[in-house]
Amino acid sequence: MNAIVPLSSTNSVGCSTAPVLKERGQREVFCGLTGIVWLHRKIQDAFFLVVGSRTCAHLIQSAAGVMIFAEPRFATAILDERDLAGIADIDDELDRVVGRLLDRRPDIKLLFLVGSCPSEVIKIDLKRAAARQSRLYAPRVRILSYSGSGIETTFTQGEDACLAALVPTLPRETADAKPCLLVVGALADVVEDQVARLFDALGIAPLRFLPMRHATDLPPVGPQTRYLLAQPFLADTARGLEERGAKRIDAPFPLGAEGTTAWLRAAAEAFDVPASRFEAVTAPGRARAEKALSAYRERLAGKRVFLFPDSQLEIPLARFLSRELAMHVLEAGTPYLHRQHLAAELALLPATVRLSEGQHVDNQLDRCRADRPDIVVCGLGLANPLEAEGITTKWSIELLFTPIQGYDQAGDLAELFARPLVRRARLEV
Amino acid sequence: MQLTLWTYEGPPHVGAMRVATAMQGLHYVLHAPQGDTYADLLFTMIERRDARPPVTYTTFQARDLGGDTAELFKTAAREAYERFRPQAMIVGASCTAELIQDDPGGLAAALNLPIPVIPLELPAYQKKENWGASETFYRLVRGLVGVKRQRVPGERPSCNILGPTALGFRHRDDLKEISGLLGRLGIDVRVTAPMGATPVDVSRIGQADFNVVLYPEIALAAAQWLEKAHGQPFTKVVPIGVGATRDFIAEVARIAGVDASKLLAEESSRLPWYSRSVDSTYLTGKRVFIFGDGPHVVAAARIAGDELGFKVVGMGTYSREFAREVREAAKRHEIEALITDDYLEVEAKVAELQVELLLGTQMERHIAKRLHVPCAVISAPVHVQDFPARYSPQMGFEGANVIFDSWIHPLMMGLEEHLLGMFREDSEFRNGAAPSHLGAGAMAAAEPIRVGTPAPESPLARGDDEIRVAPAAPTSEAFAWTPDAEKELKKIPFFVRGKARRNTERFAVERGVATITIETLYDAKAHFAR
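Computed from a predicted model, the values in this text were never measured in an experiment.

Each value, and the rule that gives it
- Residues numbered from 1 in each chain as written.
- Chains lettered and ligands numbered in written order.
- Predicted model: local features only at pLDDT ≥ 70, side-chain atom pairs only at ≥ 80, totals over all residues.
- Axes fitted to C-alpha atoms, helices over the stretch in contact; angles between N-to-C directions.
- Helix = DSSP H or I, 4+ residues; strand = E, 2+ residues; numbered from the N terminus.
- Parallel < 35°, antiparallel > 145°, perpendicular 65-115°, else oblique.
- Left-handed = near helix turned anticlockwise from the far one by under 90°.
- Contact = placed C-beta atoms within 7 Å.
- Nonpolar A, V, L, I, M, F, W, Y, C, P; charged D, E, K, R; others polar.
- Expected span 1.5 Å × (residues − 1).
- Buried ≥ 20, exposed ≤ 12 C-beta atoms within 10 Å, placed from the backbone.
- Pairing = 2+ DSSP bridges.

Enquirer: Can you tell me about the packing of helix 4 (residues 90-104) of chain A against helix 6 (residues 126-137) of chain A, naming the residues and giving the values?
Expert: All names here are of chain A. Where helix 4 contacts helix 6, the axes come no closer than 11 Å and their chain directions differ by 45°. When the interaxial angle is binned, helix 4 and helix 6 end up oblique. The element helix 4 and its partner helix 6 pack so that their crossing is right-handed. In this structure, helix 4 contributes Asp 91, Leu 94, Asp 95, Val 98 and Leu 102 to the contact, and helix 6 contributes Ala 129, Gln 133 and Tyr 137. Residue classes in the contact of helix 4 with helix 6 are distributed as five nonpolar, one polar and two charged.

Right under this line is the structure:
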């Protein structure tokens, strides 16, 4: 709808009006609890307490890899029969568990009570519990809640729910505040630092990030705030920011050289940065990204790729793979298609791409096999079975766990797709 | 409500998946919300399975809860039958679906599928993974086993092998080892289940003379029912270790009425001689802590004590179902068993007991890393490393060989220990060099243990490492050592220096000594001498 993105000479509408195959069935994706794996790394003094079942604990443990850290900043309060039968008072139980946790971890400044499928189904009011406990532990610890349940959230939507819970607690910007830029969505620290240097060189200040690295560094928000999404899965967070008066800068997402330039340019234009300055500041990064990408383009051009739904990064990825690496995208599946936030992306996507939303995994596997792709982007549950069928795969979860945004990661992002193909070509067994 | 950082066992439906995934021609329709499909990757990644587990998840969402989740289940079950054409189906609910009470069993029955459909009731808020596997296998056996065949006189004795599943600790190789032993005894194996069996195979279980129960945590309930309903006796000895393997052979021979003397005389494990050879002298009295599932812990304690000459200073299990057996075994070592599924409690115990070798699960492997204690894995929960490419059983005589190697190699070699001590002061010798077999990375173990060591080995591990004080590990920051005492401490070989420091500091705390002198050091040494 508002694809006014001045970055490409082509005026095509791409996939903006393309039909979308909507599917319903078994979904081979994580639930929103999984976001804890990267969120707890990002906010370094926050703790995530899932109120759920043994399944929830097992899921996070499996998704995070077994026991990476001595004592992680996440845990599960496992509900048992007594809680369900009402023999134990849920409020008392929660207070006891939170008390024990905070005694053990005096370094924690922000605690998230994270709802799960069982806690949602039996309607445990975590919001109220969080408010009560906040009063108890203020000012040392703030306690918030959000739901990462699979009945409401898919994988990266957990981050959306977490950030959306933070938004109402952000301080109001001062009456005399100047226009400021807020970058929204978790980025690896190294990427965040690169982005900060670029915006600084462009003269855009003040610049703030959500999520913040420390619980106490809450960015202020208000009518002077322009926000730029760094991730495509933040619908609720965006809505919350709009309610606080902030305005979104429409842009594609910073994947690849083209995406990063368009993303930076959207902000630069919103802050009236002269075009010459923009050119001067971004030229070195664009040149480095182009150089890094050219090596992979040779290897990947013309390869046929199929993306299973996973992180909602699929549309920007498909745009990057087709436009910057000349790959042929057969299907781009996404758990949820947010047309407004992805408008700029959809306009850039070749109209030949089959778009699908939701999932019926067996039907999708049928389509995938029929397409005979050169490489499939999918979750870990599907990767080895597809490899065993002779289909090369790229684990999608790596796209969340490694830095891929910005100029200096454009080559790394391409390499993630090149490596499985190189490996398959190399092996003689 | 129980605060849990890490869990030894998954929920019971994961146990059911381990049974279904091990079998052929069986399909599991699981009423579950989005996200529960994470369990697939346990099988495809940890065990590197080349096919998806035979599980269909109904994937209901919040917006379905007001509507018709039951219809969703029926559609999923019908589609699964049409697509996969299994010989039989199991149906059930995960933790969330249990709360919405849709009755998968009743719904599936209403579909009138032309195959047996076995409903599973796996209470997710009371029970755990091993119980779920056991219950599932028991229900399958009850639901499918046909009539007992009358034995034809003169026929070779026959048995079934019960227990091996997907994601089991070395089940694949144990099965091969034990099948070989039974073959050498002249006993036919009719059905192996769950691993590799079809529902039709399971229906023939009643035709064998007796059952070999390899993994009681999975197959005991089924075997007890088969004994009652079909008159099939079953084996009680788990053949892990030389002694237990010999006992197992004798037990099988007695049940089958065959002569085992030839096989027993030919015993082919190297463990007994390796254990008697002089290099093994240094193993004497090494302080061992054992933790894992019940049967593996009981077996490991016997090997550690009787076959390797270690001192078992602690043992325990996360399987409450086997608490009695483990407590009884602990009594033989004059210790109290630790029955818990809280890994922090296990870690505290290991630190407290000054353990020299930790035998446990993947969780204990991480505890050992943090405390710089040598470690070997003896039980599930498993990790990708527990599915080695090579043949590596735990059971039988070859299993005893594997156990000897995998428990002894993490320890310092006998002679090497002495040589390091002898040459320590030589100028050519770099004090702090690691024993050769531990590789270049092992040097860090020389100094006292203060921080948790991150292990970003998971493909899913992300970026920067968190370094935290392990809660139970003693810290030396608070202690003042006189310069003389520090110097004296440096004369102690590096590989025991950390322990000497810890012991001395613990001794100082217990006696309220503020400053540690050479005297304190040697007082502590005398105190901890054994």
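That was the structure; now back to the text.
Enquirer: I'd like to hear about helix 10 (residues 256-270) of chain A, residue by residue, with values.
Expert: Residues and elements named next belong to chain A. Compared with an ideal rise of 1.5 Å per residue, which puts 15 residues at 21 Å, helix 10 spans 21 Å between its outermost C-alpha atoms and is within 8% of the ideal. Of all 15 residues in helix 10, 13 are buried, a share of seventy percent or more. Just past helix 10, the residue Asp 272 takes up positive phi, approximately 55°.

Enquirer: So, helix 15 (residues 380-388) of chain A: which residues are in play, and what are the values?
Expert: Here helix 15 of chain A lies mainly inside the structure; seven of its nine residues are buried. Buried residues of helix 15 of chain A: Leu380(A), Gly381(A), Leu382(A), Ala383(A), Asn384(A), Pro385(A) and Leu386(A), and no others. Looking at the buried positions of helix 15 of chain A, the neighbouring elements they touch are strand 13 (375-378) and strand 14 (393-395) of chain A together with helix 2 (38-46) of chain B. Looking one or two residues beyond helix 15 of chain A, the residue adopting positive phi is Gly390(A), at roughly 95°.

Enquirer: Give a description of the interface of chain B and chain A that names residues and reports values.
Expert: Facing 61 residues of chain B, the contacting portion of chain A comprises 62 residues. Listing elements by their share of the side of chain B that touches chain A, those giving two or more residues are strand 1 (2-4), helix 2, strand 3 (55-57), helix 5 (95-100) and helix 17 (362-371) of chain B. Broken down by element, the residue count for the side of chain B that touches chain A peaks at six residues, all from helix 2 of chain B. The class makeup of the residues in the side of chain B that touches chain A is 28 nonpolar, 20 polar and 13 charged. Both strand 3 (residues 74-78) of chain A and strand 1 of chain B contribute to a ladder of three bridges, which runs antiparallel. Within the sheet, the bridge partner assigned to Thr76(A) lies in strand 1 of chain B and is Thr4(B).

Enquirer: Tell me about the sheet that holds strand 8 (residues 210-213) of chain B, and name the residues and values.
Expert: Residues and elements named next belong to chain B. One open sheet holds the three strands; their spatial order is 7-6-8, and the pairing between them is parallel. Every interior strand has two partners, whereas the edge strands, strand 7 (188-193) and strand 8, have only one. Along the sheet, successive strands turn relative to each other by an average axial angle of 25°, direction set aside. Sheet analysis places strand 6 (residues 158-162) next to strand 7, joined by four bridges and oriented parallel. Counted as the bridge partner of Cys 159 is Val 189 from strand 7. Running at roughly 170° to strand 6, helix 8 (residues 171-184) makes contact with strand 6, strand 7 and strand 8 of the sheet. This element, helix 10 (residues 216-230), spans strand 6 and strand 8 of the sheet and lies at about 165° to strand 8.

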